[in-house]
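# A closer look at the structure
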Amino acid sequence: MNLLFCYYSGTGHTKRIVELYKKSFEEHNARVAACNIEHADFSFNVADYDVIGFFYPVYAFNAPWIMVDFIASLPVQSVPKNCFIAASSGEPLALNFSSRSKIQTLLKKRNFRITNHYDYVMPYNIMFRHTDERAYAMLETAKQLVPLDVQDIISGKSVVPHLPIIFRFISFMFRIEFWGGRFNGTFYRATDACTTCGLCIKKCPVHNITASGDGKPVFGKNCLMCQRCSMYCPADAIITGLFNSWKVHGPYTFKKPREAEVDTHPFYLGASYKRYFKNAAKRIKHAVENAHEEKI
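Presented here is a report on the structure given in the accompanying data block. Residue numbers restart at each chain and count upward from 1, following the sequence in its written direction. In keeping with the predicted nature of the model, local features appear solely for residues at pLDDT of at least 70, side-chain atom pairs appear and are counted solely at 80 or more, and the whole-chain, interface and lining totals rest on all residues. For the side-chain quantities, the full set of heavy atoms in the structure was used; hydrogens and water were omitted.

### Structural notes on the pairing of strand β4 (residues 81-89)
- Where burial is concerned, most of β4 is hidden: eight out of the nine residues are buried.
- Two strands are counted as paired when DSSP detects at least two bridges linking them. Helix and strand definitions here come from DSSP, where helices need a minimum of 4 consecutive H or I residues and strands a minimum of 2 consecutive E residues; each element is numbered from the N-terminal end. Relative to β4, strand β3 (residues 51-57) runs parallel, the two being bridged by seven bridges. What sits directly across from Tyr56, in β4, is Ala87.
- Pairing analysis gives nine bridges linking β4 to strand β5 (residues 112-121), with the strands arranged parallel. Bridge pairing links Ser89 to Val121 in β5.
- Seen with the strands pointing away from the viewer, any crossover whose path from the first strand over the helix to the second strand runs clockwise is right-handed. Handedness of the crossover is the feature at issue here: the chain leaves β4, passes through helix α3 (residues 101-109), returns alongside β5, and the resulting connection is right-handed. Think of it in three bands: with a 1.4 Å probe and only protein chains considered, a residue is buried below 20% of the maximum accessible area for its type, exposed above 50%, and partly exposed in between.

### Focus on the packing of helix α1 (residues 13-27) against helix α4 (residues 132-155)
- Between α1 and α4, whose axes approach to 9 Å, the crossing angle comes to 50°. Taken together, α1 and α4 sit at an angle that is classed as oblique. In the packing of α1 onto α4, the handedness of the crossing is right-handed. For the pair α1 and α4, the contacting residues are Arg16, Ile17, Leu20, Tyr21, Ser24 and Phe25 in the first and Leu139, Ala142, Lys143, Val146, Pro147, Asp149, Val150, Ile153 and Ile154 in the second.
- Nonpolar residues are Ala, Val, Leu, Ile, Met, Phe, Trp, Tyr, Cys and Pro. Charged residues are Asp, Glu, Lys and Arg, and all others, Gly as well, are polar. Looking at the contact of α1 with α4 residue by residue, the classes come out as eleven nonpolar, one polar and three charged. Geometry is summarised by axes, namely lines fitted to C-alpha atoms with helices restricted to the contacting stretch, and by angles between N-to-C directions that run from 0 to 180 degrees. Angle categories are assigned with fixed cut-offs, so that under 35 degrees is roughly parallel, over 145 is roughly antiparallel, 65 to 115 is roughly perpendicular, and the rest are oblique. Helix crossings fall into two classes, left-handed where the near helix is turned counterclockwise from the far one by less than a right angle and right-handed where it is turned clockwise. In this description, contact between two residues means that some pair of their heavy atoms is separated by no more than 4.5 Å.

### Quick look at the packing of aromatic side chains
- Here a pair means two rings of Phe, Tyr or Trp (six-membered ring of Trp) with centres within 6.5 Å. Their orientation is stacked below 30 degrees between planes, edge-to-face above 60, and tilted elsewhere. Considering all chains together, one arrives at 22 aromatic pairs under this definition.
- When the centroid spacing of 5.6 Å and the interplanar angle of 85° are considered together, the rings of Phe55 and Phe84 count as edge-to-face. In this pair, Phe55 sits in strand β3 while Phe84 sits in strand β4, placing the two residues 29 residues apart along the sequence. Note on accessibility: Phe55 and Phe84 belong to one class, buried.
- Counting every residue linked through ring pairs, the aromatic cluster contains Phe5, Tyr21, Phe25, Phe55, Phe84 and Tyr120.
- Here the basic side chain of Arg129 rests over the ring of Tyr252, its NZ or CZ set 4.4 Å away from the ring centre.
- Distance and angle both matter: a charge sits over a ring if NZ of Lys or CZ of Arg is within 6 Å of the ring centre and within 35 degrees of the ring normal. Residue placement shows Arg182 over the ring face of Trp65; its charged tip is 4.1 Å from the ring centre.

### Description of helix α6 (residues 176-185)
- Turning to α6, its buried residues are Glu177, Phe178, Gly180, Gly181, Asn184 and Gly185.
- On the buried face of α6, the contacting elements are α2 (65-72), α5 (165-174), β6 (188-190), β8 (217-219) and β9 (238-240).

Here's what the structure looks like:
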């Protein structure tokens, strides 16, 4: 099997999922080419690959506009092309599957067929910071789920969650985030703590940040609100517009803490997170038991 992964990762969490997929497919002797759409020159020929994977973080129950624009730029395939979606989101809600609402229409027009769609819970980079303990659990769960999902794709088992009309409607309504992100981005600014290191300018996925005469960043009108600039600013010097109170600064280590941590948001979707980890554990256990029975 020859696969092409097309991915966008705001603060790096989706890229971790891409790496897990690449490792798992390669363990099945598949060949994988991973393309970060921020840097793609679109010179690759999609027809050369058996399966295409699209990876992205969910933004307000939608795929980010950078992924939407990328898919809109793909040529129409002469023969149907199978593809799958692997998204990452900060909360374990079925509504996040509606992120494909817009792009599945674009893919269908280009003769792509979505055979599988998976969603993995990864830590927030906006709203609030998950504890290191929960972030660790999220990545460890993904590490165990991805090989099972890859096995689905290889075996030809289609897994595409149904999207109720209400999900599609909510996704459509929240698509205002495409415009809202650009609008809010015009309020981004650097404080006096800025060291003019230029990291935010270099790392912006849509080249929305330029340097002023004194070297400080100037934010334009094309912001994705990916939070990459503010999360990784070494001086924590970026004000993130109207949502600054939701800023999450500094990368997650994804290391298991030595001591139990206090969850600062214990009631926020508490039942949903417990259900996500519980259902994942059941699925993983079932797969292990089946593998053991097959050996016997």
